[in-house]
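Here are the chains, one letter per residue:
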Amino acid sequence: MRKILSMLAVLMALVVAVQSLDVASVRKVYDGYQVIRTFPDSEAKLELLQSIEDSVETWTPVSGNMTSVDLMISPKQIPLVKALLKCSDIKYSTTILDLQRAIEVENIETDHVPEFKGTCSSISGMSWTRYQAYDTIVSYMDCLSSTYENLVSLYTIGSSSEGRPLKVMKVGMAGNQKKAIWIDGGIHAREWISPASVTYILKEFVENSGSYANLLSKYDIYIMPSVNPDGYEYSRDYDRMWRKTRSRNAGSSCIGTDPNRNWGYKWGGKGASNRPCTETYRGAYAFSEPETAAVRDFILARRNSMAMYLTFHSYGQMVLYPWGYDRDDHSDEYELERMGRVASRAMGRGYTVGAAAKVLYPAAGGSDDWAKGGAGIKYSYTIELPDTGSYGFILPANQITQVGGEAFRATKAMIQDLLTSRG
């Protein structure tokens, strides 16, 4: 036990040293970093992993509901953490041997099929064979807006902390008293497959709208590919593992808020930190971030028509529904489980379905909880996209079309279910 405590003390000293460095304008390099998958098979082993949560970066929750926990560890931490795991009889495997190498090959474009000249993809430079810059995504949306005037409307619903326009596109055919669906991605900056998949959904509904006329004549679909464009661009230019927004925090040199702990339903509860330097910092107050506040205002202005809220994250392959703030039951749980299984079946690979706090762990201030509890949207889901840990957040770009296709099939199946079962 004394040896374990000594290792923990060294780990804590390492993380304090790292947190004190100001590397805001220098690209962070992950040479020699590893991602390891641990298998805590007892409460005591889980508690040990929880004790080092602030010293290493966890890629998956340290929760009794999870059979494994993924940790990202620096070269200096590798011998300490592995020795600690060995001393504690916690089995582990290395899933990413060199994180920097994985990052360098992640976004290499392969199998690119040239677009026909004059299409919005060719005009904007958009494709789904690599991860795109936010400006490219916006250019693509601008082109769709001018090309499909009778089908889409483009909104700028606000500006990010750094002044980027927050863009939402409505897709729908003319009709009266239509219901609406909300779809967003990119809440967490490092989850690149999310905005890529949401733009894939946008492309399908707009460019192949004739195939989905039965849905688009009954529902308006609001699509926001990137809720957190500042964080996304920072993850592209400076730190691939950046998760939060890029807002300033009064009294702290640490930047950003976790935008999925910042929503105003049960804000500040379990699983949300009040310390600005942590990855799950909740913000100074609910909706402190201009990005979450803009989405709130836009949805509330249309809350009477909103039938479903979908937000795409990664990774883990899960379809999660409220509540996330705690393991509380509610009257819609059976129906949300049923609809979640509609999505899971449509995606065609193994997706866990369940209430977020029960499948994972309590985390207050999430967007899906607010959509249901704050905006009153009955069907509210977080879909955690692939994979299940082989690549984690560094999913190669050659998987975008497959994952985007799965996300689209899930979305279409859920809206079709609403249409046939709810009218």
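Scoring rules and cut-offs
Residues numbered from 1 in each chain as written. Predicted model: local features only at pLDDT ≥ 70, side-chain atom pairs only at ≥ 80, totals over all residues. Heavy atoms only, no water. Helix = DSSP H or I, 4+ residues; strand = E, 2+ residues; numbered from the N terminus. Contact = heavy atoms within 4.5 Å. Polar contact = N/O pair within 3.5 Å; in protein donor to acceptor, adjacent residues only side chain to side chain. Disulfide = S-S within 2.5 Å. Buried < 20%, exposed > 50% of the residue type's maximum accessible area, 1.4 Å probe, protein only. Phe/Tyr/Trp six-rings, centres within 6.5 Å; stacked < 30°, edge-to-face > 60°. Lys NZ or Arg CZ within 6 Å of the ring centre and 35° of its normal. Salt bridge = Lys/Arg side-chain N within 4 Å of Asp/Glu carboxyl O. Core = buried A, V, L, I, M, F, W, Y, C linked by side-chain atoms within 4.5 Å. Lys, Arg positive; Asp, Glu negative; His and termini not counted.

Our next topic: the environment of Lys178. With respect to the helices, strands and loops of the structure, Lys178 is situated in the loop between β6 (165–171) and β7 (179–185). In the structure, Lys178 is positioned 41 residues away from Tyr219 in sequence and 5.5 Å away in space, judged by C-alpha atoms. Each residue touching Lys178, except ones within four places of it in the same chain, is listed here: Gly172, Met173, Leu216, Ser217, Lys218, Tyr219, Asp220 and Ser305. Polar side-chain contacts of Lys178 include one of 2.5 Å to the backbone oxygen of Met173.

Right, let's talk about the state of the cysteines for a bit. This model, assessed by the stated rule, comprises two disulfides. A sulfur-sulfur distance of 2.2 Å marks the disulfide that ties Cys120 to Cys143. Taking the sign of the torsion about the S-S bond as the criterion, the disulfide between Cys120 and Cys143, at about -80°, is left-handed. A residue pair is termed long-range when its members are at least 10 positions apart, and Cys120 in helix α5 (residues 120–124) and Cys143 in helix α6 (residues 134–147) qualify at 23 residues. Overall, the relative accessible area of 5% leaves Cys120 in the buried class. The class for Cys143 is buried, based on a relative accessible area of 9%. Across the disulfide from Cys254 sits Cys277; the S-S distance is 2.0 Å. Judged by the sign of its S-S torsion, about 85°, the bond between Cys254 and Cys277 is right-handed. Here Cys254, found in the loop between α9 (229–237) and α10 (290–300), pairs with Cys277, found in the loop between α9 and α10; they are 23 residues apart in sequence, far enough to count as distant. Using a relative accessible area of 35% as the deciding quantity, one classes Cys277 as partly exposed. By sequence-ordered numbering of the bonded cysteines, the chain has its disulfides arranged as 1-2, 3-4.

Now for the packing of aromatic side chains. Following the criterion strictly, the structure yields 24 aromatic pairs and no others. Here Tyr155 and Phe298 contribute two aromatic rings whose centre-to-centre distance is 5.3 Å and whose plane-to-plane angle is 70°, an arrangement assigned as edge-to-face. Pair noted here: Tyr155 is in strand β5 (residues 152–159) and Phe298 is in helix α10, with a separation of 143 residues, a long-range link. Between the aromatic rings of Trp263 and Trp370, the centroid separation amounts to 5.5 Å while the plane-to-plane angle is 40°, which identifies the pairing as tilted. Separated by 107 residues along the polypeptide, Trp263 in the loop between α9 and α10 and Trp370 in helix α13 (residues 367–373) bring together distant segments of the chain. Using a relative accessible area of 1% as the deciding quantity, one classes Trp263 as buried. Here the guanidinium or amino end of Arg236 rests over the ring plane of Trp192, the centre of that ring lying 5.8 Å away. Positioned above the aromatic ring of Trp192, the side-chain terminus of Arg240 is 3.6 Å from the ring centre.

This brings us to the pattern of salt bridges. If you walk through the whole model with that rule in mind, you get 23 salt bridges. For Glu106, the salt bridge goes to Arg240, with nearest N and O atoms at 2.7 Å. Taken together, the positions of Glu106 in helix α4 (residues 99–106) and Arg240 in the loop between α9 and α10 put the pair 134 residues apart, joining distant regions of the chain. A salt bridge links Glu333 to Lys358, with the nearest nitrogen and oxygen atoms 2.8 Å apart. Of the two residues, Glu333 sits in helix α11 (residues 333–347) while Lys358 sits in helix α12 (residues 356–359), which places them 25 residues apart along the sequence. Lys358 sits in the partly exposed class, given a relative accessible area of 30%. One salt-bridge network, in which partners are shared between bridges, spans Asp41, Lys45 and Asp89.

It is worth spelling out the nonpolar core at this point. Most often, soluble globular proteins have nonpolar side chains that are buried together. Core analysis: the largest hydrophobic core is formed by 64 residues, its most contacted members being Val171 and Phe205. Among the elements that take part in this core, helix α14 (residues 400–422) stands out by supplying ten residues, more than any other. Phe205 has contacts with Leu151, Val171, Tyr212, Leu215, Leu216, Ile221, Ile223, Phe408, Thr411 and Ile415, leaving out every residue within four places of it along the chain. Judged by nonpolar contacts, the second largest core, of 26 residues, contains Ile157, Trp263, Phe298 and Trp370.

With that settled, the discussion passes to the side chain of Lys170. Note on placement: Lys170 falls in strand β6. Buried and unpaired, Lys170 has no salt bridge, with Asp220 as the nearest side chain of opposite charge at 4.3 Å. Beyond its immediate chain neighbours, meaning those up to four positions away, Lys170 contacts Leu151, Val152, Ser153, Tyr155, Asp220, Ile221 and Tyr222.

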